[in-house]
Amino acid sequence: MSRLILDDDTGIDGRGIVRDDVVAEWGPPPGPLDWAVEDWQPEPEIVAWARLGPWEAVLARIGRHAQLGVRRDGRRPDWHGLSKSPDDMNRGMVGSTLLAPGRLADVTAVTRRDEFTGIQVQGAERVQQMVVPRIVEHPPGEELDPAQARHAVTTAAAQAPGAPLDLPAELTRELLHRLRRTPTEVVRIAVGLRVAETWRLPDGFEIPVVYDVAPGTAQGYVLDEDTGAALTTLHACRNHHLAGALAWCAHCLNPTCAACSESVRPCRLCQGAVCGDCLATPDGRCPACARLAKVGRFARGRYGVSAGGSAWHSEVPNVQVTVRQERNYWTVERWDRYGRVTVPLDPHTVQALRGWLSAR
Ligand SMILES: [Zn+2]
Ligand SMILES: [Zn+2]
Ligand SMILES: [Zn+2]
Ligand SMILES: [Zn+2]
């Protein structure tokens with residue numbers, strides 16, 4: 001049997017460490033072996049270990065990169081190469097950096113921390129940002145070259161203790177055969193980013209935002225909970241919610257979003273934007289529509305109604321409303337920060353309006 005000669009009567013072969021008729025067989029390591037892993041990056045898997053007298057040996061590997069390490073009396077080991085695989089060294093570097101020690105990973109797409117564009121919160125200042133890789137398992141797509149993937153994931157290069165391929169070919173074959181009994185697994189991953197930020201609003205309030213950057217893409221976005229839209233710019237409402245779009249109340253001029261309980265809605269009568277706080281009646285009228293007063297006989301001309309018609313008018317801060325009646329034709333005119341609009345009233349609204357006006 002082919003062997004590595006250690007001293008006059010000791011050697012290593014496919015079975016383990018051998019002296020005369022004594023064989024210390026390869027077996028699992030008795031525990032962590034610092035001496036066997038200390039010059040490696042990443043840490044190798046110790047697949048087999050043997051000890052006999054002053055001699056101790058390991059079979060160490062990262063994927064298909066495998067080495068035999070031998071030491072005597074606790075001194076530094078000598079290493080002998082069994083097979084070289086720079087690709088698996090790089091896969092091991094990626095796996096141990098992103099997954100766990102001893103893992104090998106292929107990468108299909110990667111976004112680096114320094115190459116993404118974050119979201120913006122309008123009018124606010126970003127005061128904190130934390131970026132960590134976000135792993136997507138079993139992604140579709142082709143694997144990147146392992147060296148390229150390693151470079152994108154970490155600046156640290158893979159390394160193993162220097163190990164010449166100096167063993168007899170038959171011994172190398174036997175040891176590799178033993179190693180292959182325990183298969184290695186390569187996981188496919190894609191690497192995006194998870195970004196956690198804090199934004200300070202003009203009023204000093206600080207809002208946390210967490211969002212992802214998909215693997216291989218550069219633009220971060222937040223998904224709108226209501227519409228599913230990908231938002232890159234957010235706006236803060238009066239309640240410090242972040243939203244893709246805000247709605248301004250025409251009365252208090254203070255924005256709300258869809259998540260606000262008092263979110264802006266159309267007035268039941270004039271259709272103007274009114275928030276839940278400004279709403280004046282349980283039936284959904286704005287403060288202007290709740291205070292309509294009949295225009296006197298001699299003032300009607302100013303409101304553009306004929307002698308046979310009627311008009312009601314109201315002015316509150318930021319909003320004016322005029323209701324006009326000519327026979328059975330009713331209109332409401334609203335004037336607010338969005339402009340001046342006149343809309344005809346449908347029969348249902350007219351019926352409700354008659355009730356509101358007579359109740360005054
Ligand atoms: Zn898997
Ligand atoms: Zn309001
Ligand atoms: Zn809100
Ligand atoms: Zn109104």
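Definitions and limits used
Residues numbered from 1 in each chain as written. Chains lettered and ligands numbered in written order. Predicted model: local features only at pLDDT ≥ 70, side-chain atom pairs only at ≥ 80, totals over all residues. Heavy atoms only, no water. Helix = DSSP H or I, 4+ residues; strand = E, 2+ residues; numbered from the N terminus. Buried < 20%, exposed > 50% of the residue type's maximum accessible area, 1.4 Å probe, protein only. Contact = heavy atoms within 4.5 Å. Core = buried A, V, L, I, M, F, W, Y, C linked by side-chain atoms within 4.5 Å. Pairing = 2+ DSSP bridges. Axes fitted to C-alpha atoms, helices over the stretch in contact; angles between N-to-C directions. Polar contact = N/O pair within 3.5 Å; in protein donor to acceptor, adjacent residues only side chain to side chain. Phe/Tyr/Trp six-rings, centres within 6.5 Å; stacked < 30°, edge-to-face > 60°. Lys NZ or Arg CZ within 6 Å of the ring centre and 35° of its normal. Donors = N, O, S within 2.8 Å, 3.2 Å for Na, K, Ca; no water. Tetrahedral: all angles 85-135°; square planar, octahedral: opposite > 155°, others 65-115°. Domains from an automatic or database assignment.

Colleague: Would you take a moment to explain the overall build of the protein for this structure?
Modeller: Per the secondary structure count, the protein includes six helices and 26 strands. With the C-alpha coordinates of the protein rotated into their principal frame, the extents come out at 130 × 35 × 30 Å. In the protein, which comprises 360 residues, the proportion classed as buried is 47%. Long-range contacts, defined here as pairs at least 24 residues apart, represent 50% of the contacts in the protein between residues at least 6 apart.

Colleague: Explain the nonpolar core to me, please; I cannot follow it from the model alone.
Modeller: The nonpolar side chains of a soluble globular protein tend to be buried with one another. Membership of the largest hydrophobic core comes to 26 residues, with the highest contact counts inside it found for Leu-269, Leu-292, Val-321, Val-323, Trp-330 and Leu-353. For this core, the secondary-structure elements that each account for two or more residues are strand 21 (273-274), helix 5 (287-290), strand 23 (310-316), strand 24 (319-326), strand 25 (329-336) and helix 6 (347-359). Residues within four places of Val-323 in sequence aside, it is in contact with Leu-269, Leu-292, Ser-310, Ala-311, Trp-312, Trp-330, Thr-331, Val-332 and Leu-353. One finds Ile-17, Trp-26, Leu-68 and Leu-167 within the second-largest nonpolar core, a separate group that totals 22 residues.

Colleague: What exactly am I supposed to notice about the sheet that holds strand 26 (residues 339-344) here?
Modeller: Paired through their backbone hydrogen bonds, the strands of a sheet run either parallel or antiparallel. The strand order 22-23-24-25-26 describes an open sheet built from five strands, whose pairing is antiparallel. Of all strands in the sheet, those bounded by a partner on one side alone are strand 22 (293-294) and strand 26. In the sheet, strand 24 pairs with strand 25 via seven bridges, with the strands oriented antiparallel. Looking at strand 25, one finds that Gln-325 is bridged to Trp-330. Its contacts with the sheet place helix 6 against strand 23, strand 24 and strand 25, and it is angled at close to 75° to strand 25.

Colleague: It is not clear to me how the side chain of Arg-334 should be interpreted in this structure. Could you clarify?
Modeller: Looking at the secondary structure, you find Arg-334 in strand 25. The class of Arg-334 is buried, set by a relative accessible area of 13%. Of the polar contacts made by the side chain of Arg-334, one reaches the side chain of Asp-336; its length is 3.1 Å. The contact partners of Arg-334, leaving out residues within four places of it in the chain, are Cys-270, Gln-271, Gly-272, Val-319, Gln-320, Val-321, Gly-339, Arg-340 and Val-341.

Colleague: What exactly am I supposed to notice about the packing of aromatic side chains here?
Modeller: Two measures describe an aromatic ring pair: the distance that separates the ring centres and the angle between the ring planes. According to the stated counting rule, one finds two aromatic pairs in the structure shown. Ring geometry for Trp-40 and Trp-79: centres 5.5 Å apart, planes at 80°, overall edge-to-face. Of this pair, Trp-40 sits in the loop between helix 1 (34-37) and strand 5 (45-52) while Trp-79 sits in strand 8 (residues 78-83), and the two are 39 residues apart along the sequence. Side by side, Trp-40 and Trp-79 carry an identical accessibility label, which is buried. Relative to Trp-330, the ring of Trp-312 has its centre 5.4 Å away and its plane inclined at 15°; by these criteria the two rings are stacked. Pair noted here: Trp-312 is in strand 23 and Trp-330 is in strand 25, with a separation of 18 residues, a long-range link. A relative accessible area of 4% places Trp-330 in the buried class. Taking NZ or CZ as reference, Arg-337 lies 5.4 Å from the ring centre of Tyr-338, over its face. Geometry around Trp-335 places Arg-340 over its ring, the cationic atom sitting 3.8 Å from the centre.

Colleague: Looking at this structure, how should I read the coordination of the zinc ion (ligand 4)?
Modeller: Six octahedral donors at a metal ideally form angles of 90 or 180 degrees, and four tetrahedral donors ideally form angles of 109.5 degrees. Taken together, Cys-267 (SG), Cys-270 (SG), Cys-286 (SG) and Cys-289 (SG) make up the protein donors of the zinc ion (ligand 4), found 2.3 Å from the metal. Geometry at the zinc ion (ligand 4) is tetrahedral, judged from the four donor atoms that bind it and their angles of 106 to 115° at the metal. For the zinc ion (ligand 4), all donor residues lie on one chain, and their spacing in sequence is C-x2-C-x15-C-x2-C.

Colleague: How should I be thinking about the environment of Leu-246 in this particular structure?
Modeller: Looking at the secondary structure, you find Leu-246 in the loop between strand 17 (242-243) and strand 18 (247-248). Linking Leu-246 and Pro-101, residues 145 residues apart in sequence, is a C-alpha distance of 47 Å.

Colleague: Would you mind going over the coordination of the zinc ion (ligand 3) with me for this structure?
Modeller: Here the zinc ion (ligand 3) is held by Cys-237 (SG), His-241 (ND1), Cys-257 (SG) and Cys-260 (SG), and the distances to it run 2.1 to 2.3 Å. If you look at the zinc ion (ligand 3), its four donor atoms make angles of 100 to 125° with each other, and the shape they trace is tetrahedral. Counting along the primary sequence, the residues that act as donors to the zinc ion (ligand 3) give the motif C-x3-H-x15-C-x2-C. For Cys-257, a relative accessible area of 5% corresponds to the buried category.

Colleague: Sorry if this is basic, but what is going on with the domain arrangement of the protein here?
Modeller: Interface size is commonly expressed as the accessible area that is lost once the parts come together. According to the domain assignment, the protein contains domain 1 (4-100 + 145-182) and domain 2 (247-359). Each of domain 1 and domain 2 has a C-alpha centre, and the two are 83 Å apart.

Colleague: Looking at this structure, how should I read the pairing of strand 13 (residues 206-213)?
Modeller: Along any regular strand the residues' side chains alternate between the sheet's two faces. Only one face of strand 13 is buried: it carries Ile-207, Val-209, Tyr-211 and Val-213, and the other face, with Glu-206, Pro-208, Val-210 and Asp-212, is open. Where strand 12 (residues 186-200) meets strand 13, eight bridges bridge the pair, whose relative direction is antiparallel. Bridging from a neighbouring strand, Leu-193 pairs with Val-213 of strand 13. Between strand 12 and the antiparallel strand that follows it, strand 13, lie five residues; Gly-204 among them carries a positive phi value of about 90°.

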